[in-house]
Amino acid sequence: MLLLVAAMAAHAALLTPNMDDGVNASHIANSAAGRWFVNDVFGTPFPFQKLQTVLAALLWRIWPATFWPLATFQGILVLASCLLFYATARRTAPLPTARTATALLATYLLTHNWLAPTRPEMVLLTVGLAVLGLCQRFDHQPRPVYLLVAAALVGLVAVSTHPNAAVVLAFLLLFLLARRRRIGGRTLRLVAAVLLVASVMGLATVFAPDPAGTLRFLAKIRGDGERFSFVLGEAYRFSFLFRFLHYRYLSLLLLGVALARFTAGPLRTVLAEARATLGLFGLWAVAVFATFAVFPAARWSAYVVLHLPWFALAAAGQWHGAPPQGWRRALPFALLAAASLGTVAINASARLPDLFDLAKYACLLLPPLVAALLWARGSVRALWPVLALAFAFKLGLAAADLRAAQGAADFLRQHRLPAVVDAALVWTPGVVVHSLRVPANTLSPPPRLALVAAAEQPLLERWLAASSCRVSAFGALAEPLPARFISPWYRGLTWYELACAPPEAHPGSATLPTTPSRPASPP
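Since the model is a prediction, treat every value here as computed from it, not as a measurement.

Asker: Looking at this structure, I do not really get helix α1 (residues 2–14). What am I missing?
Answerer: One full turn of an α-helix is made of 3.6 residues, so residues set three or four places apart face in the same direction. Here α1 is 13 residues long and its end C-alpha atoms lie 18 Å apart, about the 18 Å a rise of 1.5 Å per residue gives. Within the span of α1, buried status applies to Leu4, Ala7, Met8, His11 and Ala12. Viewed along the axis of α1, the buried residues span an arc of 130 degrees, placing them on a single side of the element. α1 presents Leu2, Leu3 and Ala13 as exposed residues on the side facing more than 90 degrees away from its buried surface. The inward-facing, buried residues of α1 abut α4 (68–92), α5 (95–110) and α19 (383–415).

Following this line, the structure appears as structure tokens:
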């Protein structure tokens, strides 16, 4: 428990805004200023106000543009999710399996590259695990109050948070259907009534302020993120567990263990063991797959978070199972070795290994290979160092991002000029900054400085072409560490001194100058 709390604290202390946090900052800042339904980035009013945005706006009003309160909130949600998960997992799985599954869930959550405090995934996961826990309590002690509270949580919190609340709703409906005889007709009707009323209240926070505007907004973003990908989209999302650098080798290790045990059989026994370990998390897996396969959902990696609880518990159950006899014991190592050789060969063909590659292999590749060998000898404790090193590597990258973000913030505060910045740098207290994703003709006061990451250079080109600004001088900020350790939104930061005038004064706005041999000094 103390290790879990320490991990959350370290994660929250080092967390910096990502690009989604920067995009959402416009809406949050406007809400804090009383312009509740305005988002400058999307060029359209948001006709609804999520509870999460309201909370972020209240925090912004107290600490303007300060990210640590939201980072702390994210840490609290991750900790709450892990505790709720452990409380339910230990009722169906042996205690060592439940602990390992909780450690896996925490590692996957804390090393995810796109979880952000301004996104809805952690809120939905926390609510979903709370609903699952209440349903499990009903199984052990059939009191209607558990289902009534679960229905209220789904309708009031989940439904008003994001359309992916359909996963939590599907799980509750599947549970009610599966337990309908035990629940009884009277209680079912009461739960249905609470769910209906709570859902109407939740939807009212989305539609009631401006129903027509909500429909127009939803129509405008319907193509954003390939939302109508259905079964193929779900396969792509789930494959993130094996494509993402921080997940790849750990997931392959766990897959190899499961394949070794399932192919050794007898299959009926292994499946029965897996079902007993999963308990209601098996129903949760059905709800996630069915919802994402049938209803529109973007192919974004953040959505895989809803898969993590059942995956962590299933993987932990296989890890703690007895290793098979014969050649199958070597299957996890063979799978990892083949995948790692292929990865190293592909990387080496593209570039010479650098410091980042060496750190990546030392923390993410070699430990699972060693754990695979030790698992074949019956050592289940070998997984813990794998998780610890993966988390340490992620913390190192988070520290690099923090240093780069602090360097950019210090630069902006030092010059105290109105600026347009990379999206993540909107979270810089004490200075007037605007996002490059906001149209230039709406900015007031006119910016005199731009600070842009290398990945955002095309966006700056487009912004300049649409503005009345020209570049008069520019230069590069020093990198605190080798660039590959830093996230794209803090990597290769370049400053530009801007001269902006009314549009009629500059009919042809200047594009970015070519890089001179000697950059100018900072403005």
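Asker: Before we go on, may I ask you to explain helix α13 (residues 245–264) in this structure?
Answerer: The terminal C-alpha atoms of α13 lie 29 Å apart, and with 20 residues this matches the ideal 28 Å at 1.5 Å per residue to within 8%. Burial runs high along α13: 15 of the 20 residues are buried. Gly265, located one to two residues past α13, shows a positive phi value of around 65 degrees.

Asker: I'm lost on the packing of α13 against helix α18 (residues 355–376) in this one. Help?
Answerer: Describing two packed helices takes the angle between their axes plus the distance from one axis to the other. Relative to each other, α13 and α18 sit at 15 degrees, their axes nearing to 10 Å. Here α13 is positioned roughly parallel relative to α18, judged by the angle of their axes. Considering how the two elements wind past one another, α13 and α18 form a crossing that is right-handed. When α13 is examined against α18, the residues Leu245, His246, Tyr249, Leu250, Leu253, Val257, Ala260 and Arg261 are found in contact with a partner set consisting of Phe356, Lys360, Leu364, Leu365, Pro368, Ala371, Ala372 and Trp375. The residue inventory of the contact of α13 with α18, partitioned by class, reads 13 nonpolar, one polar and two charged.

Asker: How should I be thinking about unusual backbone geometry in this particular structure?
Answerer: With glycine set apart, most residues show a phi of negative sign, and most peptide bonds adopt trans. Cis geometry marks the peptide bond from Ser444 to Pro445; its omega dihedral reads 0 degrees. Examined against the element boundaries, Pro445 turns out to sit in the loop between β4 (433–435) and β5 (449–452). Its identity is not glycine, yet Arg416 carries a phi of approximately 45 degrees, on the positive side. Summarising the element assignment, Arg416 is placed in the loop between α19 and β3 (419–421). A relative accessible area of 55% places Arg416 in the exposed class.

Asker: Even after reading the chapter, I still don't get the packing of helix α12 (residues 230–243) against α13, so can you show me in this structure?
Answerer: Here α12 crosses α13 at 90 degrees, and the two axes come no closer than 6 Å. Taken together, the axis directions place α12 and α13 in an arrangement best described as roughly perpendicular. Between α12, through Phe240, Leu241, Phe242 and Arg243, and α13, the contact on the second element is made entirely by Leu245, Tyr247, Arg248, Ser251, Leu252 and Leu255.

Asker: For this particular structure, what's the right way to read the state of the cysteines?
Answerer: Two cysteines, two sulfur atoms, one covalent bond between them: this is a disulfide. Here the structure, examined in full by the defined rule, presents one disulfide. Through a disulfide, Cys469 is tied to Cys500; the S-S separation comes to 1.9 Å. Looking down the S-S bond of the Cys469 and Cys500 bridge, the torsion is 110 degrees, so its handedness is right-handed. Linking Cys469 in strand β6 (residues 469–476) with Cys500 in strand β7 (residues 494–500), this pair joins segments that are 31 residues apart in sequence. Judged by its relative accessible area of 4%, Cys469 falls in the buried class. Residue Cys500 is classed as partly exposed on the basis of its relative accessible area, which comes to 26%.

Asker: How should I be thinking about the side chain of Thr97 in this particular structure?
Answerer: If you trace the backbone, Thr97 turns up in helix α5. You can call Thr97 buried: its relative accessible area is 6%. Beyond its immediate stretch of four places on either side in the chain, Thr97 contacts Thr277, Ala316, Gly317 and His320.

Asker: Sorry if this is basic, but what is going on with the sheet that holds β4 here?
Answerer: Hydrogen bonding along the main chain pairs the strands of a sheet, whether they run parallel or antiparallel. Reading across from one edge, β4-β3-β5-β7-β6 is the order of the five strands in this open sheet, with mixed pairing throughout. Every other strand in the sheet has two partners, leaving β4 and β6 as the edge strands with one partner each. Going across the sheet, the axis of each strand differs from the next one's by a mean of 25 degrees, ignoring polarity. Pairing of β3 with β5, which is carried by three bridges, proceeds in the parallel orientation. Bridge pairing in β5 links Val420 to Ala450. Docked against the sheet, α19 engages β3, β4, β5 and β7, running at close to 175 degrees with respect to β5. Running at roughly 5 degrees to β7, helix α20 (residues 457–465) makes contact with β3, β5, β6 and β7 of the sheet.

Asker: Whenever I open this one, the pattern of salt bridges confuses me. Can you help?
Answerer: For the structure on display, the rule yields twelve salt bridges. Asp410 is the partner of Arg413 in a salt bridge, and the nearest nitrogen-oxygen pair spans 3.4 Å. Highlighted residues: Arg413 and Asp410, both in helix α19, separated by three residues, approximately one helical turn. Classification of Asp410 by relative accessible area gives partly exposed; the value is 47%.

The rules behind the values
- Residues numbered from 1 in each chain as written.
- Predicted model: local features only at pLDDT ≥ 70, side-chain atom pairs only at ≥ 80, totals over all residues.
- Heavy atoms only, no water.
- Helix = DSSP H or I, 4+ residues; strand = E, 2+ residues; numbered from the N terminus.
- Expected span 1.5 Å × (residues − 1).
- Buried < 20%, exposed > 50% of the residue type's maximum accessible area, 1.4 Å probe, protein only.
- Arc of directions from axis to C-beta.
- Contact = heavy atoms within 4.5 Å.
- Axes fitted to C-alpha atoms, helices over the stretch in contact; angles between N-to-C directions.
- Parallel < 35°, antiparallel > 145°, perpendicular 65-115°, else oblique.
- Left-handed = near helix turned anticlockwise from the far one by under 90°.
- Nonpolar A, V, L, I, M, F, W, Y, C, P; charged D, E, K, R; others polar.
- Disulfide = S-S within 2.5 Å.
- Pairing = 2+ DSSP bridges.
- Salt bridge = Lys/Arg side-chain N within 4 Å of Asp/Glu carboxyl O.

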